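# Geometric and topological summary
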Amino acid sequence: MTGETSPKKLHILNRPALSIRRGFRRMRHSRNRSRSLVLPLLVVGSCCLFAWPSLAQTVALTAAPQQHSQTAAQVPSTKGAPLTLTLADALARAQKNSPDFQKALAAVKLAHYNQVQARAAMLPAISNLTQYLNTQGNGISPVGRFVTNDGVHVYREWAVVHQDMPGSFFIDAGPRKAAYEKAIAQAAAQLAKRSLVVTVTQDYYALLVAERGYTVAQQSLTNAQHFLQISQALEQGGEIAHQAVIRFELQVSQAQRNLGDAQLAMSQARLNFAVLLFPTFNEDFNVVDDLDTPPVLPSFQNAEAMAKNHNPEVAAALAAYNASKVDVESARSDFFPSFSVDFDYGIEANHFALESDNLTKPGVVQPNLGYFVTYSMSIPVWDWGARLSKLHAAEEKRQTTKLDLSFAQRRIVSLLHSYYDASEVAWSQLGSLRRSVDLAQHNLQLVTMQYQAGTSTVLDVLDAETELAGARNSYASGEARYRNSLATLQTITGSF
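No experiment lies behind these values; they were computed from the predicted model shown.

## Structural notes on the layout of surface pockets
- In this model, the largest pocket occupies a volume close to 520 Å³.
- If you trace the largest pocket, you find 26 residues lining it, with Val 216, Ala 217, Ser 220, Asn 258 and Ala 469 closest to the centre.
- Ranked by residues supplied to the lining of the largest pocket, first place goes to helix H7 (residues 173-236) with 10 residues.
- Here the residues of the lining of the largest pocket are counted per class, giving 13 nonpolar, 10 polar and three charged.

So this is what it looks like as structure tokens:
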């Protein structure tokens, strides 16, 4: 039957343990034999020890009743599979849930609305005016007591077209400044997006590094337990002193503590990353490990060209400088006359109608529909220095924004060299870090064989294990460092 294990099969699976016990009995009864016969037996026994847990697990799985697996398969899962995210998926989710980035997008929308309003202010305003003027009569004439009204009942129904034309109207100051303010908001949104990319990239690869660190800690614990078993076998054979066993026991204890710390670091990295990704708290997700496939670093010439054409910080400084120039022109225009035009078309009569009877000429019908136009010009004469002060303030702001633009250009050049150099160094170190992992693995293999042969010491083993764990962690950190350097460089150049 499938769910049972034959005695013959169990006897075969138990052969490693029997071999170990027989080997130990032979060693206890033949301490005076040569080391050339004892050492191979110890090596074989240690290998069997490491093979035994997996074999025992196979026995347990084979001997498990079949009905248990069927019962487990019939129970429906109440929890779906965890979400698997790539870096691009994480960025898309973070953009939807980041308050700072969403505020920057809202600022762009507000700037667009202001631009629409500024354009509309340059066009005539069209409105409708309806009035009824009821004047108390005097009992003598039909015009009422107020001389401004030509009757007791006056009706007005006007279509009004109004256009203001101050000095800034003729230089298109409003729409121009609104366009520059929109450009500033767009640049700020681009900066917020690139800053978010850096944050997401750092948290994404921090989680990957923590997961790899946890794997390294597990491997270190396995290696420590492996050498502890070897040392215990050698001690029983009289090959090493008990001091070596104590050292390996201490190493196992330290490896267990390191594994707990690695698990805590991995959990904290996941929690920090989950805050960016989901609108409600959720840590049931996985990330794709793409550390071993890093993107290629572009040439410095390409990066420099991208920084000149796609840098939002310089674009924002340039837009602010142009907006300050518009403020100066607008302040100067306040010294010139302003104009306005009002065009009214409709009726203003004693009857709410298109036509009415002429009271002075019986039988004559006169039209009520007509228009009138008002042209106005206002010339500034004296304002106690307010307009001159406004002009000086605008000129000072223009000078300040000019300095900001110059500083932003110099700063971007400096940051470009700094970020590119950091990315180049991180890129060049990836090969060396990978080589160090390979060498550390090979060194541990050699030390393992030498220790089993009795030609290396405990310190050699401990150093080899420490070097391998450090090389693996350094390689993962180096890969993450390169990714973070690229993300930081792209805050200057844009994505590539």
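## Quick word on the pattern of salt bridges
- By the definition in use, this model includes 14 salt bridges.
- Taking the shortest distance from any N to any O, the salt bridge between Asp 327 and Lys 397 comes out at 3.8 Å. Of the two residues, Asp 327 is situated in helix H10 (residues 312-333) and Lys 397 in helix H11 (residues 386-453); the sequence distance between them amounts to 70 residues.
- Judged by relative accessible area, Asp 327 falls into the buried class, the value being 16%.
- A residue is classified by how much of its surface remains accessible, and Lys 397, at 46% relative accessible area, is partly exposed.
- Among the salt bridges present, the one from Arg 332 reaches Glu 395, with a minimum N-O distance of 3.7 Å. A residue pair is termed long-range when its members are at least 10 positions apart, and Arg 332 in helix H10 and Glu 395 in helix H11 qualify at 63 residues.
- The partly exposed category is assigned to Glu 395, whose relative accessible area is 25%.
- Here the residues in one salt-bridge network are Arg 212, Asp 289, Asp 292 and Glu 479, joined through shared partners.

## Some points on helix H6 (residues 99-121)
- Compared with the 33 Å implied by 1.5 Å per residue over 23 residues, the 33 Å span of H6 between its first and last C-alpha is a close match.
- The complete set of buried residues in H6 reads Phe 101, Ala 104, Val 108, Ala 111, Gln 115 and Ala 118.
- Along its buried surface, H6 packs onto helix H5 (87-97) and H7.

## Side note on unusual backbone geometry
- In this model, Asp 172 sits at a positive phi of 55°, which is unusual for a non-glycine residue.
- Here Asp 172 shows up in the loop between strand E3 (153-165) and H7.
- For Trp 384, which is not glycine, the phi torsion reads 60° and is therefore positive.

## Here's the deal with the nonpolar core
- The biggest cluster of nonpolar side chains holds 51 residues, and the ones touching the most others in it are Val 200, Tyr 204, Phe 248, Phe 273, Phe 285 and Tyr 451.
- For this core, the secondary structure elements donating two or more residues are H5, H7, helix H8 (242-277), strand E4 (285-287), H11 and helix H12 (458-493).
- The biggest single contributor to this core is H7, with 15 residues.
- Excluding residues within four positions of it along the chain, Phe 273 makes contact with Ala 90, Val 200, Asp 203, Tyr 204, Leu 207, Phe 285 and Val 287.
- Within the second largest apolar cluster, 18 residues are counted, among which are Leu 297, Ala 317, Tyr 321 and Leu 416.

## As for the packing of aromatic side chains
- Taken as a whole, this structure holds 16 aromatic pairs when the rule is applied.
- Ring centres 5.0 Å apart and planes at 80° place the aromatic pair Tyr 204 and Tyr 205 in the edge-to-face group. Grouping residues by exposure puts Tyr 204 and Tyr 205 together as buried.
- Here a set of aromatic residues connected by ring pairs shows up, and it is made of Tyr 204, Tyr 205, Phe 273, Phe 278 and Phe 285.
- Its end group placed over the ring of Phe 285, Arg 270 keeps NZ or CZ at 5.0 Å from the ring centre.
- When the ring centre of Tyr 475 is taken as reference, the NZ or CZ atom of Arg 434 above it lies at 5.0 Å.

## Side note on the pairing of strand E5 (residues 338-349)
- Pairing between E3 and E5: 11 bridges, direction antiparallel. What sits directly across from Ala 159, in E5, is Tyr 345.
- The pairing of E5 with strand E8 (residues 369-378) spans 10 bridges and is classified as antiparallel. Bridge assignment links Val 341 to a residue of E8, and that residue is Tyr 375.

## Structural notes on the confidence of the model for the protein chain
- Put simply, the protein chain has an average pLDDT of 83, and 81% of its residues get 70 or more.
- Under a pLDDT of 50 for its full length, residues 1-78 has, in the predicted model, 48 contacts with residues more than four places off or in other chains.

## Some thoughts on the side chain of Thr 448
- Structurally, Thr 448 is set in helix H11.
- Assessed through its relative accessible area of 15%, Thr 448 is described here as buried.
- Not counting residues within four places of it along the chain, the set of residues in contact with Thr 448 comprises His 226 and Phe 227.

## Some details on the environment of Arg 332
- Judged by its relative accessible area of 41%, Arg 332 is partly exposed.
- The spacing of Arg 332 and Leu 388 is 56 residues in sequence and 8.4 Å in space, taken between C-alpha atoms.

## Some remarks on the packing of H5 against H7
- Here H5 crosses H7 at 130°, and the two axes come no closer than 10 Å. As far as their axial angle goes, H7 and H5 are oblique. Along this stretch, H5 crosses H7, giving a crossing that reads as right-handed. From H5, Leu 87, Ala 90, Leu 91, Ala 94 and Gln 95 reach across to H7, where they touch Lys 193, Leu 196, Val 197, Val 200, Thr 201, Tyr 204 and Tyr 205.
- Its residues assigned to classes, the contact of H5 with H7 shows nine nonpolar, two polar and one charged.

## Notes on the packing of H5 against H8
- Relative to each other, H5 and H8 sit at 60°, their axes nearing to 7 Å. The segment H5 lies against H8, with Ala 90, Arg 93, Ala 94 and Asn 97 engaging Phe 273, Leu 276 and Leu 277.
- Classifying every residue of the contact of H5 with H8 by side-chain character gives five nonpolar, one polar and one charged.

Cut-off values and rules
Residues numbered from 1 in each chain as written. Predicted model: local features only at pLDDT ≥ 70, side-chain atom pairs only at ≥ 80, totals over all residues. Heavy atoms only, no water. 1 Å grid on protein atoms, 1.4 Å probe; cavity = no way out; pocket = protein on both sides within 12 Å on 5 of 7 lines; lining within 4 Å. Points joined across faces, edges and corners; volume = space filled by probe spheres on them. Helix = DSSP H or I, 4+ residues; strand = E, 2+ residues; numbered from the N terminus. Nonpolar A, V, L, I, M, F, W, Y, C, P; charged D, E, K, R; others polar. Salt bridge = Lys/Arg side-chain N within 4 Å of Asp/Glu carboxyl O. Buried < 20%, exposed > 50% of the residue type's maximum accessible area, 1.4 Å probe, protein only. Expected span 1.5 Å × (residues − 1). Contact = heavy atoms within 4.5 Å. Core = buried A, V, L, I, M, F, W, Y, C linked by side-chain atoms within 4.5 Å. Phe/Tyr/Trp six-rings, centres within 6.5 Å; stacked < 30°, edge-to-face > 60°. Lys NZ or Arg CZ within 6 Å of the ring centre and 35° of its normal. Pairing = 2+ DSSP bridges. pLDDT = per-residue confidence, 0-100. Axes fitted to C-alpha atoms, helices over the stretch in contact; angles between N-to-C directions. Parallel < 35°, antiparallel > 145°, perpendicular 65-115°, else oblique. Left-handed = near helix turned anticlockwise from the far one by under 90°.

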